[in-house]
Amino acid sequence: MNPSLESISRSDPKEALLRVRDVVVRFGGIVALDQVSFDVPRQQIVGLIGPNGAGKTTLFNCLSRLYETTSGGIELDGLSILNLPAHAMAARGIGRTFQNLALFPSATVFENILIGCHTRTHGNLLADMLSLRRSRQVNRAAAVVANELIAYLRLGEVAHRRVAELPFGTQKRVEFARALAMKPRLLLLDEPACGLNHEEVEGLADLIRGTQRDFDLTVLLVEHHMGLVMGISDWIVALNFGRRIAAGTPAQVQANPEVIAAYLGESK
């Protein structure tokens, strides 16, 4: 790995980084998540699968603190995140990409990635305006990280182009870079293959595996592309109608009767 990228990697291979315990989410009379529990081991890629409406995005939004849980617990590195606001999650070490890109289309690639850096550093607006020494140091350090990520993700040729001008697959890489700029320990990937062609999906698989290895990341992946999720995941958790119906290796989950029934629509 590029030595200068070591500042945004983590290396502490212990047990579970993320613990989800008996999480319930209700929207009025609708139970979106029903007593969901699972662990995400450190430095592993865990796939979260299930048919549409299974509760995957609801769970991701709980992890990002966009939704409140009705009951249950969520711990990152042994500490609850449920008392934290959404804007504090980057500082706790959670980065996320979105199925519908959450980039700033009128900003350049470099500027979008720089925003990710500042999300982590919590720059002081007044200090930025006054160009105080500490603020200048933070901005210089953020620019270094942004340029390193641009090189790592081979975005150099488009670094100063507006995101809106770029192909969708390239925009996906920009969002990936911005998530890495937050220096995450846990990276949440929400449908990263959505909208990509076959060749781009193959490149995405290599990118996720390589990034997980190079940055010592723990990855939780929501994905409908079964070839991708089964090919790169160390462990799979399957949901259906808000309940966990299976957990295991890709081979174990693929052979699970409840998972087969959920996807084929067969009765148990």
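Note: the structure precedes this text.
All of these numbers come straight from a predicted model, not from anything done at the bench. (Residues numbered from 1 in each chain as written. Predicted model: local features only at pLDDT ≥ 70, side-chain atom pairs only at ≥ 80, totals over all residues. Heavy atoms only, no water.)

A. Broad picture of the packing of aromatic side chains. Using the criterion set out here, one finds two aromatic pairs in the structure. Ring geometry for Phe27 against Tyr67: centres 5.4 Å apart, planes inclined by 80°, an arrangement best described as edge-to-face. One end of the pair, Phe27, is in strand E1 (residues 16–27); the other, Tyr67, is in the loop between helix H1 (56–63) and strand E4 (71–76), and 40 residues separate them in sequence. (Phe/Tyr/Trp six-rings, centres within 6.5 Å; stacked < 30°, edge-to-face > 60°. Helix = DSSP H or I, 4+ residues; strand = E, 2+ residues; numbered from the N terminus.)

B. Examining the pairing of E4 more closely. As paired elements, E1 and E4 share five bridges and run antiparallel to each other. Considered in E4, the bridge of Arg21 is made with Gly73. Two elements, E4 and strand E5 (residues 79–80), share two bridges in a ladder whose sense is antiparallel. Counted as the bridge partner of Leu76 is Leu79 from E5. (Pairing = 2+ DSSP bridges.)

C. Spotlight on the sheet that holds E5. Here we have four strands laid out as an open sheet, ordered E2-E1-E4-E5, and antiparallel in their pairing. Strand pairing shows two members of the sheet lacking a second neighbour, strand E2 (30–41) and E5, which therefore form its edges. Contacts from H1 reach E1, E2 and E4 within the one sheet, and its direction differs from that of E1 by about 115°. (Contact = heavy atoms within 4.5 Å. Axes fitted to C-alpha atoms, helices over the stretch in contact; angles between N-to-C directions.)

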